[in-house]
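# Coordinates in review
Below are the chains, spelled out letter by letter.
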Amino acid sequence: MITVSNLKKSFGDKTVLHDITNEFYPGKCNLIIGTSGSGKTVFLKCLVGLFEPDSGDIFYQDQSFTKMAESERKELRQQIGMLFQGSALFDSMTVEENVKFPLDMFTRETLSQKRKRVNEVLERVNLKDSNKKFPSEISGGMKKRVGIARAIVLNPKYLFCDEPNSGLDPQTSMVIDKLIKDLTIEFNTTTIINTHDMNSVMEIGDNILYMYQGYKQWTGTNKDIIYSKDEKLNEFIFASEFLQDAKQMRMIEMKEGQNNI
Amino acid sequence: MNFLSHLGKFVITMRGMFTKPENGKMYWKEFMHQCTDIGVGSAPIVLIISLFLGAVMTVQTAYQLVTDLIPRTTIAVIVRDSLILELSPTIISLVLAGVVGSKIASELGNMRISEQIDALEIMGINTKSYLISPKIIAAMLMVPCLVALSIVVALWGGRLTGELAGILDTATYDRGLREDFRPFNIVVSMSKAFTFAFVISSVSSYFGYNVQGGALEIGRNSTLAVVVSCIIILLADYVLTILLLNA
């Protein structure tokens, strides 16, 4: 579990995160949603230590991440996997070398053990027979899957995904979402996903945090979100007329259903 | 102010390299990879430039020594000392600032922009140490080797041109090369090569590692890395020459 308390972050005069307090649970897909510029990415980067918060605290279980020594952070980071928006694969390495990299760096396993583990995770993300390909030779969806394979190769306790569906078609997005959800349940990881994608919100949003202009605006599940009365959240979720109509239809259906009963 | 800010950031970046490697084998692998990239990768251009450098030096020196009062061996002496003391270390380093420096800056810049450096950081790897230190150590090992290679090839180019152009025969040239030879000149040459190697690799790494923005900034920082490296090389050349030869 990751707990955040009163997190603040500013860049110069501009405060990007205002007093954020939240909890992210293991075995669940914890989603951070919000409009562009709402502070989602900064928040995620604070959680993984790429940005230092100005004040507040981040707890991984009971350990304070903000007060940790660099050596302790290094140890903890081996329990963290992260999928980046652009996958962040190493261009000069093949798919296999990319996935094997954390094993090479942090384990003393033999080459055959490492290869076995790499093949296991590549199979887990449905990427067999791509070991020798370079990132430039594979599609965006495959890159994301390689990114996930690299993130989970050390069996992390915490999985962070920054916009895992950006640039992907709806069908591939659903495959990626399902994969993240399955891995979260299978390994009981605390998964935190930063997304804009409403399909993801509805499909895998076990625990959702909606951010608005750097503030925590709303929290709940994907079941709560459709009936939320929060004006700003509704503006964000039902931004298109089509979705507004869909929501009204759903409300009418619900009402009629209740009347019939 | 801008200069001081860059200098401060440069020192912080360099200081950040000094930590215990997470895995010595992986650092060694990266170091060998950089040695191949910098050393073997730059060897062809160094060979070509050096060959012509020696050839042109021989012809120009002969052109300026028109009197019969000066023995022909003097041409070889002047070519040798000019190449060892100045031309090979400085010209080759300026070329390497372009070839190696821009490659280092754009490689690191691309890694920064595409979040590869962030990915390494999150894994718990000291990216300054893992990405920059192998480049600097490899450059400090390979650039002096390239300069030594350049001296040999340039002297051979001068010898070949002297013979082909009928300026002086190879026996006279060889006698000139051995005449009044000071081994200290090699020390000066290698001191310059070591210093310039550090300048090229560290300045380029600094500009590449600290890229912010997009593709445009990668190009801009790569150019800046080459320009700044060249200026510092020329300044360092002057300072080293004063310190080592003006005593």
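Predicted model only: the values in this text are computed from it and were never measured. (Residues numbered from 1 in each chain as written. Chains lettered and ligands numbered in written order. Predicted model: local features only at pLDDT ≥ 70, side-chain atom pairs only at ≥ 80, totals over all residues.)

## A short note on the overall build of chain A
- The helix and strand inventory of chain A stands at 10 helices and 10 strands.
- Out of the 261 residues in chain A, the part that is buried amounts to 38%.
- Sequence separation of 24 or more characterises 67% of the internal contacts of chain A that already satisfy a separation of 6 or more. (Helix = DSSP H or I, 4+ residues; strand = E, 2+ residues; numbered from the N terminus. Buried ≥ 20, exposed ≤ 12 C-beta atoms within 10 Å, placed from the backbone. Contact = placed C-beta atoms within 7 Å.)

## With respect to the pairing of strand β4 (residues 55–60) of chain A
Residues and elements named next belong to chain A.
- As paired strands, strand β1 (residues 2–11) and β4 are joined by 5 bridges and run antiparallel to one another. From the neighbouring strand, V4 faces β4, where its bridge partner is I58.
- Where β4 and strand β5 (residues 63–64) come together, 2 bridges link them in antiparallel fashion. In the strand pairing of β5, F59 is matched with S64. (Pairing = 2+ DSSP bridges.)

## As for the sheet that holds strand β3 (residues 29–34) of chain A
All names here are of chain A.
- If you trace the 6 strands from one edge of the open sheet to the other, you get β6-β7-β8-β3-β9-β10, paired in mixed fashion. Because the sheet does not close on itself, it has two edges, and the strands there are β6 (80–83) and β10 (215–220). Between one strand axis and the next, the sheet turns through 20° on average, direction left out of account.
- Pairing geometry for strand β7 (residues 158–162) and strand β8 (residues 190–195), over 5 bridges, is parallel. Across the sheet, the residue bridging to Y158 is T190, located in β8. (Axes fitted to C-alpha atoms, helices over the stretch in contact; angles between N-to-C directions.)

## Quick look at the confidence of the model for chain B
- This prediction gives chain B a mean pLDDT of 94; 99% of its residues lie at or above 70.
- In the model output, the complex is listed with pTM 0.88 alongside ipTM 0.86. (pLDDT = per-residue confidence, 0-100.)

## Digging into the nonpolar core
- One finds F43, A149 and F160 of chain A together with A139, V143 and I200 of chain B to be the most contacted residues of the largest nonpolar core, which totals 114 residues.
- It is helix α3 (residues 73–113) of chain B that contributes the most residues to this core, 15 residues altogether.
- Those residues in contact with A139 of chain B, other than ones at most four positions away along the chain, are I38, V100, A197, I200 and S201 of chain B. (Core = buried A, V, L, I, M, F, W, Y, C linked by C-beta atoms within 7 Å.)

## A closer look at the pairing of strand β2 (residues 14–24) of chain A
Residues and elements named next belong to chain A.
- In terms of strand pairing, β1 meets β2 through 7 bridges, oriented antiparallel. Paired with K9 across the bridge in β2 is L17.
- Hairpin geometry of β1 and β2 is characterised by an intervening segment of 2 residues between the two adjacent antiparallel strands and by a positive phi of about 65° at G12.

## Overview of the interface of chain B and chain A
- If you look at the interface, chain B gives 13 residues, while chain A gives 14 residues.
- For the side of chain B that touches chain A, the leading source of residues is helix α4 (residues 116–123) of chain B, giving 6 residues.
- A per-class count over the side of chain B that touches chain A returns 5 nonpolar, 4 polar and 4 charged. (Nonpolar A, V, L, I, M, F, W, Y, C, P; charged D, E, K, R; others polar.)

## Things to note about the environment of V175 of chain A
- Tracing the chain through its elements places V175 of chain A in helix α6 (residues 170–187).
- Once the C-alpha coordinates of V175 of chain A and K128 of chain A are considered, the two residues, 47 residues apart in sequence, prove to be 16 Å apart.

## Considerations on helix α8 (residues 215–245) of chain B
Residue and element names in this part refer to chain B.
- For α8, with 31 residues, the first-to-last C-alpha span of 44 Å sits near the 45 Å given by 1.5 Å per residue.
- Along α8, the residues that are buried comprise I218, N221, S222, A225, V226, S229 and I233.
- Those residues of α8 that are buried are in contact with α3 and α7 (184–209). (Expected span 1.5 Å × (residues − 1).)

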